[in-house]
There are 2 protein chains.
Amino acid sequence: MKPTVHDIASRAGVSLATVDRVLNRRPGVSARTREKVDQAVSELGFVRDVAAANLAKGRVYPLTFIIPSNDNSFMRGLRLALEEARARAGVERIAIQLVDVPAFDAAALAAALKDAAAEEPAGIAFVAVDAPDVTEVAAEISQSGIPLVTLVSDLSGAARDHYAGIDNAAAGRTAASLLGRFAGGRAGKVAVLAGSMLVRDHRERCDAFAAAIAREFSSLALLPVLEGRDDPDVVERLVADLFAGRDDIVALYSLGAGNRGLVRALRRLPAGRRPVVVAHELTETMREALTAGLIDAVLNQDAGHEVRSAIRVLKAKADGLPVVADQERIRIDIFLKDNLP
Amino acid sequence: MKPTVHDIASRAGVSLATVDRVLNRRPGVSARTREKVDQAVSELGFVRDVAAANLAKGRVYPLTFIIPSNDNSFMRGLRLALEEARARAGVERIAIQLVDVPAFDAAALAAALKDAAAEEPAGIAFVAVDAPDVTEVAAEISQSGIPLVTLVSDLSGAARDHYAGIDNAAAGRTAASLLGRFAGGRAGKVAVLAGSMLVRDHRERCDAFAAAIAREFSSLALLPVLEGRDDPDVVERLVADLFAGRDDIVALYSLGAGNRGLVRALRRLPAGRRPVVVAHELTETMREALTAGLIDAVLNQDAGHEVRSAIRVLKAKADGLPVVADQERIRIDIFLKDNLP
DNA sequence: CTGTTAGCGCATTCAC
DNA sequence: GTGAATGCGCTAACAG
């Protein structure tokens, strides 16, 4: 049978309460007693039953998620994932509060963070805008002991406890490899379409992509980066204008959102002029575009995984428990028309 | 506050025991009382606290895993994943028994299944060899009420409750797309290297791959399939012989294991003759080969995910609970040198 | 500093 | 058919 606190107590010759104090590193135990208990624990190979502990504690973790009120499919997916997490809130002993902030707005985010922290939740997760005022507020909050996790896009500096998102440099390199090899040695221009260079995930993808193209595909030359603000209409206009002005574009990397506009613009291009296209996030639009052959590959991050991971990490940090980094790594999914789920 | 059994009891005007009988569909409750309880449950939106229930029950699920004693990295990874699952056995209330069987041996597998079933575990997971005698035994076991899950490779017919593995047809198609596009329009032969056509995962990958190549890359022609029995030495000899006999091979798809041998053979090929290569399973060998440029892409299935999923499903089936199919889908990971974890 | 005791939400005897 | 009482493994008052 698995040893319980009772076994530890009798083995160490102390009471349940004392065992509990030692296990939870609470004060008020003599070094000698503590040692006896620790020894009993390791001798019997005791591991505490977390479920029973939570049952007894009846603790709930109030968590705050700050999400940009950006209306694209990815953010909608993120919200959906949060709703699902809320549905499981009872079992997981969490209470999620969702806060909206304008997209790409550092000042608004900083203010929202401050407000959230004032309510002293057990943890805060937020999609970072990588700007000094945000970093500053984040540092303050972190100092005050509230665990902080960045979601999807990270914050420079060490002002957060964890980042729940993909390796965006790897994503950029992967996009470059796929796009370069799919282009099959053709020479020409490569267009890059971002949302905003203010968010770190976009910047990292872009830099890594550019570097990889330059390094490995010398016949391809990058055009200046276009910023579509993750807005379908803006994106559509940008792409349409781009292709109207020249005919040497062989490939396009869309590293942000708002790809509904991209697909609309691509669809109007004569088939012969359509570039090799790699984009991000497997939305319904992207799925159709892949099937139709308008898009060649989609890199995806699973919003559900990211939310669940953020929650696990925040809870662990709140309890002062270690995080298994390997288990919390968010993968880059690659989808072709052939492996759509 | 979340309603508990106490709330249900007082609301329905009955005792705790009666509520419990109704919740667990045990007999000995009048229709009238049952109705009152059911109503209280739905009115209060009661959901039972699984953790507390398990604590009270003290139930453990004895699970048996039957794994081929095949010494390749993937199977080693699978065993490792099982060890990790065992480490969490206490918390998850499971007790895993591991049974070894010779690889690709239908008779041995059938016998092992029979033995395992005789001990009446709460569930059995096994890597299927798709042969009639296995199907037959599986059907018997399934009839007897023991939940059955196939792992990594599936069984034809409906003689199992669930399959915890990737969509191998999608994997084959994906391999074809990557390989065809990476080959960049070059014309020539494509070699296919399998483990054994006796296991369904290999057959499915192979068929889907062949179909996709024929459909989409008319300049590529398939060579007869080679069977390496997932053995590095056999694989090395086969590949060496293959390339010694001809020089029109532009690509190679290795859909089985034993890729250590493949890499050895590739390494000895003059750089100019090296084909585009897509293989399966991200082992240490494959990681190095990707980095070195000997292999172009690796399709991977996460053994850890598969084991965890199998366990979740077996527990759910044992309790007669539904399985969220979507959540149990095992993804095909695609790795290039650029997104190695 | 240490021990006693009463739950957490649920399942399960054993009476009635 | 139904209910009261007890305990799963752990935590948290409250006493000493």
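In this report, we go over the structure that sits alongside the text. It should be emphasised that the depicted structure is a prediction, and the values quoted were computed from it without experimental measurement.

## Quick look at the overall build of chain A
Counting its regular elements, chain A contains 14 helices and 12 strands. Principal-axis analysis of the C-alpha atoms places the extent of chain A at approximately 85 × 40 × 35 Å. If you sum the accessible surface of chain A, you get close to 14800 Å²; carbon and sulfur atoms cover 51% of it.

## Some words on the pairing of strand β6 (residues 188-194) of chain A
All names here are of chain A. Most of β6 sits out of view: 6 of its 7 residues are buried. Summarising the sheet, β6 and strand β7 (residues 220-222) pair through 3 bridges and their orientation is parallel. In the strand pairing of β7, Gly 188 is matched with Leu 220. The handedness of the β6 to β7 crossover, carried by helix α10 (residues 200-216), is right-handed. Sheet topology places β6 next to strand β9 (residues 249-254); 5 bridges connect them, and they run parallel. For Lys 189, the partnering residue across the bridge sits in β9 and is Ile 249. Here β6 runs beside strand β8 (residues 226-227); their pairing, made up of 2 bridges, is parallel. Within β8, the position partnered with Ala 194 by the bridge is Glu 227.

## Quick notes on the packing of aromatic side chains
The description of an aromatic ring pair rests on the distance of the ring centres and on the angle between the ring planes. For the coordinates displayed, the defined rule picks out 3 aromatic pairs over all chains. Ring plane angle 50° and centroid distance 6.0 Å describe the contact between A:Phe182 and B:Phe182, whose orientation is recorded as tilted. Pair noted here: A:Phe182 is in helix α9 (residues 168-183) and B:Phe182 is in helix α9 (residues 168-183), and the two residues belong to different chains. Here the aromatic rings of B:Phe209 and B:Tyr253 are separated by 4.4 Å at their centres, their planes lie at 35°, and the arrangement is tilted. Of this pair, B:Phe209 sits in helix α10 (residues 200-216) while B:Tyr253 sits in strand β9 (residues 249-254), and the two are 44 residues apart along the sequence. For the pair B:Phe209 and B:Tyr253, one class covers both residues: buried. The cationic tip of B:Arg181 hangs over the ring face of A:Phe182; the distance from NZ or CZ to the ring centre is 4.1 Å.

## With respect to the nonpolar core
Judged by nonpolar contacts, the single largest core of 60 residues is most densely connected at A:Leu178, A:Leu179, A:Phe209, B:Leu178, B:Leu179 and B:Phe209. Other than its neighbours up to four places away in sequence, A:Phe209 contacts A:Gly172, A:Arg173, A:Ala175, A:Ala176, A:Leu179, A:Val190, A:Val192, A:Leu222 and A:Tyr253.

## Let's talk about the protein's contact with DNA strand C
Taken together, 25 residues lie around DNA strand C, and A:Arg21, A:Thr33, A:Ala56, B:Val5 and B:Asp20 are the ones closest in. Among the atoms of DNA strand C lying within 4 Å of the protein, the sugar-phosphate backbone contributes 65%. At 2.9 Å, a backbone N or O of A:Ser30 approaches a phosphate oxygen of DNA strand C. A:Ala56 has a polar backbone atom sitting 3.0 Å from a base oxygen of DNA strand C. Of all the elements in the fold, those that place two or more residues in the surface near DNA strand C are α2 (16-23) and α4 (50-57) of chain A together with α2 (16-23) and α4 (50-57) of chain B. Grouping the amino acids of the surface near DNA strand C by side-chain chemistry returns 12 nonpolar, 7 polar and 6 charged.

## Comments concerning the sheet that holds strand β4 (residues 148-151) of chain B
All names here are of chain B. Read across the open sheet, the 5 strands follow the order β2-β1-β3-β4-β5; overall the sheet is parallel. Looking at which strands have only one partner, the edges of the open sheet turn out to be β2 (94-101) and β5 (162-164). Here the average twist between neighbouring strands, direction ignored, is 20°. Pairing between strand β1 (residues 61-68) and β2: 8 bridges, direction parallel. The partner of Leu 63 across the bridge, within β2, is Ile 96. Helix α5 (residues 73-87) contacts β1, β2 and β4 of the sheet and is inclined by roughly 155° relative to β2.

## What about the interface of chain B and chain A?
The interface of chain B with chain A comprises 30 residues on the first partner and 30 residues on the second. For the chain B and chain A pair, buried surface summed over both sides reaches about 2700 Å², with 51% attributable to carbon and sulfur atoms. Together, B:Arg181, B:Arg331 and B:Asp338 form the three largest contributors to the area buried by chain B at its contact with chain A, with a combined 24%. Seen at the junction of chain B and chain A, the total is 10 salt bridges. As a salt-bridge pair, A:Asp302 and B:Arg331 come within 2.5 Å of each other at their nearest N and O atoms. Run the count over chain B and chain A and you get 14 residue pairs in polar contact (both at pLDDT 80 or more). Elements that contribute at least two residues to the side of chain B that touches chain A include exactly α4, α9 and β12 (333-335) of chain B. Among the elements that take part in the side of chain B that touches chain A, α9(B) stands out by supplying 7 residues, more than any other. Taken together, the residues that form the side of chain B that touches chain A break down as 12 nonpolar, 5 polar and 13 charged.

## Re the protein's contact with DNA strand D
Inspection of the region around DNA strand D gives 24 residues, with A:Val5, A:Asp20, B:Arg21, B:Ser30 and B:Thr33 positioned closest. Looking at DNA strand D alone, sugar and phosphate atoms form 68% of those within 4 Å of the protein. Between a phosphate oxygen of DNA strand D and a side-chain N or O atom of A:Arg48, the distance comes to 2.9 Å. The contact in question runs from a phosphate oxygen of DNA strand D to an N or O atom on the backbone of A:Asp49, over 3.1 Å. By residue number, the principal contributor to the surface near DNA strand D is α4(A), which donates 4 residues. Along the lines of polarity and charge, the residues of the surface near DNA strand D split into 11 nonpolar, 7 polar and 6 charged.

Rules of the game
Residues numbered from 1 in each chain as written. Chains lettered and ligands numbered in written order. Predicted model: local features only at pLDDT ≥ 70, side-chain atom pairs only at ≥ 80, totals over all residues. Heavy atoms only, no water. Helix = DSSP H or I, 4+ residues; strand = E, 2+ residues; numbered from the N terminus. Areas by Shrake-Rupley, 256 points an atom, 1.4 Å probe, with all protein chains shown as cover. Buried < 20%, exposed > 50% of the residue type's maximum accessible area, 1.4 Å probe, protein only. Pairing = 2+ DSSP bridges. Right-handed = clockwise from strand over helix to strand, strands pointing away. Phe/Tyr/Trp six-rings, centres within 6.5 Å; stacked < 30°, edge-to-face > 60°. Lys NZ or Arg CZ within 6 Å of the ring centre and 35° of its normal. Core = buried A, V, L, I, M, F, W, Y, C linked by side-chain atoms within 4.5 Å. Contact = heavy atoms within 4.5 Å. Near = heavy atom within 4 Å. Polar contact = N/O pair within 3.5 Å; in protein donor to acceptor, adjacent residues only side chain to side chain. Nonpolar A, V, L, I, M, F, W, Y, C, P; charged D, E, K, R; others polar. Axes fitted to C-alpha atoms, helices over the stretch in contact; angles between N-to-C directions. Buried area = accessible area lost by both parts, 1.4 Å probe. Salt bridge = Lys/Arg side-chain N within 4 Å of Asp/Glu carboxyl O.

Everything listed is a geometric property; what it means functionally is a separate question.
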